[in-house]
Amino acid sequence: MINVKAVSDHIPVTVITTCYGRNRHLYNLLSSLMKGSVQPDEVIIVNDDADLKRLAEFSLNIVKIPTTIEASSNKSDTTKFDIGHNRNIGAAQATHDTLIFLDVDCIVAPTFIEQLSAKLQKYPDSLLMGQPRYLTRPLLDKEGLELQNGALTTCFLNELSVYNPYRYNFNEVDCIPTQIKQTAIEQTDDYGAFWSLCFAIKRRQFEQIGGFDTQYIGYGAEDTDFAFTARQLDINFYLTADIVYHQQHSVYRPPLNHLDSITINANRFYEKWQHWPMEGWLEQFSKMALIRWTVEQLTPIVVLRKPNTHEIEQAHCPNAPYV
């Protein structure tokens, strides 16, 4: 354990995040958790390279677990960070039954942990997901310090962020909690809308699902697979208006940098569900003659060629808020 602080406003929740080489984002996430309306009783970080002295600056009960990066050395450099396996390790080590998973590039709104955990107590057999907003630029160093000191306001973060128009979004008023009104929650049958960026689940349901399927590697489809398994098990799925701010970083449109893992994972997903995931990206790869694929095909995707340097450069979007 890195740091334990006895406070009156902590609740029996385990937050789990995993990362490698993204520690600037990690420290901003920890700042937001530390300054929330309540603190999670435990924060598990599956991570190899975070600075222990830096982690000790946060008044949180932090448990740091090594990643599986060395154990996965038989995979290529682009896929050896096994996020699903690392999330499963975090869940297995959790002290509490209420689990909240956050990607390392999240910043939680002040009431996020309080609101989302309260909703899970009301719907304990369900899978709940928060509402992402996307920062349009990285936080400056001074803004990161303001966040750690509790001086960076939600108004500032709201002005600096946008919704993803390709996802379901709640109305702005639904995302503002008051003493007499909680943030909105809405059940949906669209399990394809689940994204593991920010979600809550009880330990029993997580174990019933079997955690994340570790046959997926690198990037793509492991979260949709998780949600499809929840649907198969009749676990209800709810979207909530509880905000996380996604920290901006460069992306590729389409994600040519993840061609190998997207192809492998799409084949794995189709093998399990007889349905193609990530159809938009697969269609773009097909149009570029990178893969042999159509939405009607029943056979595995074949990679025809790798993207060249010019194609990758053209796809790079350093200032985009989301893929």
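Residues numbered from 1 in each chain as written. Predicted model: local features only at pLDDT ≥ 70, side-chain atom pairs only at ≥ 80, totals over all residues. Heavy atoms only, no water.

1. What to know about the overall build of the protein chain
Filter applied, for reference: Secondary structure counts use DSSP, requiring at least four H or I residues in a row for a helix and at least two E residues in a row for a strand, with both numbered from the N terminus. All radius of gyration figures rest on C-alpha atoms, and the globule criterion is 2.2 Å times the number of residues raised to 0.38. Between buried and exposed lies partly exposed: a residue is buried under 20% and exposed over 50% of the maximum accessible area for its type, with that area taken using a 1.4 Å probe on protein chains only. The criterion used for residue contact is that any of the two residues' heavy atoms lie within 4.5 Å. To be clear on the numbers: accessible area is Shrake-Rupley with a 1.4 Å probe, and residue cover counts the displayed protein chains and nothing else. Only four residue types enter the charge count: Lys and Arg as positive, Asp and Glu as negative, with His and the chain ends excluded. Lysine's charge is taken at NZ, arginine's at CZ, aspartate's at CG and glutamate's at CD.
Looking only at helices and strands, the protein chain features 11 helices and 14 strands. Over its C-alpha trace the protein chain gives a radius of gyration of 19 Å, about what one expects of a compact globule, namely 20 Å for 323 residues. Its C-alpha atoms put the protein chain at 60 × 45 × 40 Å along the principal axes. Counting every position in the protein chain, which comprises 323 residues, the buried fraction comes to 54%. Taking contacts inside the protein chain between residues at least 6 apart in sequence as the whole, the part at least 24 apart equals 76%. Of the roughly 14,800 Å² of accessible surface on the protein chain, a fraction of 51% belongs to carbon and sulfur atoms. Taken together, the 28 basic and 38 acidic charged side chains of the protein chain have centroids lying 2 Å from each other.

2. Considering the pairing of strand β6 (residues 127-135)
Walk down a regular strand and you will see the side chains alternate between the two sheet faces. For the record, the criterion: Paired strands, as defined in this entry, are two strands with at least two bridges between them according to DSSP.
Counting buried residues along β6, nine of its nine residues qualify, which places the element largely inside the surrounding structure. Direction of pairing for β6 relative to strand β10 (residues 237-246): parallel, over a ladder of seven bridges. Paired with R133 across the strands is Y245, a residue of β10. Note: β6 against strand β9 (residues 198-202), two bridges, orientation antiparallel. Among the inter-strand pairings, L128 is bridged to a residue of β9, identified as A200. Sheet topology places β6 next to strand β7 (residues 161-162); two bridges connect them, and they run antiparallel. Bridge assignment links L135 to a residue of β7, and that residue is S161.

3. Considerations on the confidence of the model for the protein chain
The line we're drawing: The predictor rates its confidence in each residue with pLDDT, a number between 0 and 100.
The predicted model of the protein chain averages 92 in pLDDT, with 93% of residues at 70 or higher. Considering only residues more than four positions removed or in separate chains, one finds that residues 71-79, a stretch of pLDDT under 50, has eight contacts.

4. Section: the packing of helix α9 (residues 259-273) against helix α10 (residues 279-287)
Selection criterion: Only C-alpha atoms enter the line fits that serve as axes; for helices the fit covers just the stretch in contact. Angles between N-to-C directions range over 0 to 180 degrees. Reported orientations rely on four angle classes, namely roughly parallel under 35 degrees, roughly antiparallel over 145, roughly perpendicular from 65 to 115, and oblique for the rest. The hand of a helix crossing depends on one turn: near helix anticlockwise from the far one by less than a right angle means left-handed, and clockwise means right-handed. In the scheme used here, Gly and all other residues not listed as nonpolar or charged are polar, with Ala, Val, Leu, Ile, Met, Phe, Trp, Tyr, Cys and Pro taken as nonpolar and Asp, Glu, Lys and Arg as charged.
Orientation of α9 relative to α10, taken along the N-to-C sense of each, is 120 degrees, at an axis distance of 11 Å. Considered as vectors, α9 and α10 are oriented oblique to each other. Once α9 is placed against α10, the crossing between them reads as left-handed. Residues L259, I262 and A266 of α9 lie in contact with α10, whose contacting residues are W281, L282 and F285. Here the contact of α9 with α10 is composed, by residue class, of six nonpolar, no polar and no charged.

5. What about the state of the cysteines?
Selection criterion: Note on disulfides: each one is a pair of cysteine sulfur atoms within 2.5 Å.
Following the criterion strictly, the structure yields zero disulfides and no others. Here C175 stays unpaired: no disulfide links it, and the sulfur of C198, its closest cysteine neighbor, is 11 Å away. Of all cysteine sulfurs, the one in C106 lies closest to C198, which takes part in no disulfide; the gap is 5.5 Å.

6. Digging into the packing of helix α8 (residues 222-232) against α9
One can describe the packing of α8 onto α9 by two numbers: an axis separation of 11 Å at closest approach and a directional angle of 10 degrees. Overall, the two elements α8 and α9 adopt an arrangement that is roughly parallel. Contacts from T224, D225, F228, T229 and Q232 of α8 reach α9 at F269, K272 and W273. Broken down by class, the residue content of the contact of α8 with α9 amounts to three nonpolar, three polar and two charged.

7. Re the nonpolar core
Inclusion rule: Nonpolar cores are built from buried Ala, Val, Leu, Ile, Met, Phe, Trp, Tyr and Cys residues. Side-chain atoms within 4.5 Å join them into one set.
Ranked by internal contacts, the top residues of the largest apolar core, which has 58 residues, are L127, I201, F226 and L282. By residue number, the principal contributor to this core is α9, which donates six residues. Not counting residues up to four positions away in its chain, the partners in contact with F226 are L127, F194, F199, I201, F206, I209, G211 and F212. The next biggest cluster of nonpolar side chains, apart from the first, holds 33 residues, and it includes L30, L33, C106 and A200.

8. Looking at the pattern of salt bridges
Which entries qualify depends on this criterion: Only one rule defines a salt bridge in this text: a Lys or Arg side-chain nitrogen within 4 Å of an Asp or Glu carboxyl oxygen.
Applying the stated rule across the entire model yields 17 salt bridges. Each of the salt bridges in this network shares a partner with another, and the network as a whole consists of D213, D225, R268, E271 and K272.

9. Quick look at the packing of aromatic side chains
Rule in force here: Stacked, edge-to-face and tilted are the three classes for Phe, Tyr and Trp ring pairs, Trp counted by its six-membered ring, which pair at centre distances within 6.5 Å; planes under 30 degrees apart are stacked, over 60 edge-to-face, the rest tilted.
For the structure shown, the criterion picks out 22 aromatic pairs. Relative to F237, the ring of F194 lies with its centre 5.9 Å away and its plane at 80 degrees, an arrangement referred to as edge-to-face. Within this pair, whereas F194 is found in the loop between β8 (185-187) and β9, its partner F237 is found in strand β10, the two being separated by 43 residues in sequence. For F194, a relative accessible area of 2% translates into the label buried. Its relative accessible area of 0% is what places F237 among the buried residues. An angle of 65 degrees between the planes, with centres 5.2 Å apart, marks the rings of F228 and F269 as edge-to-face.

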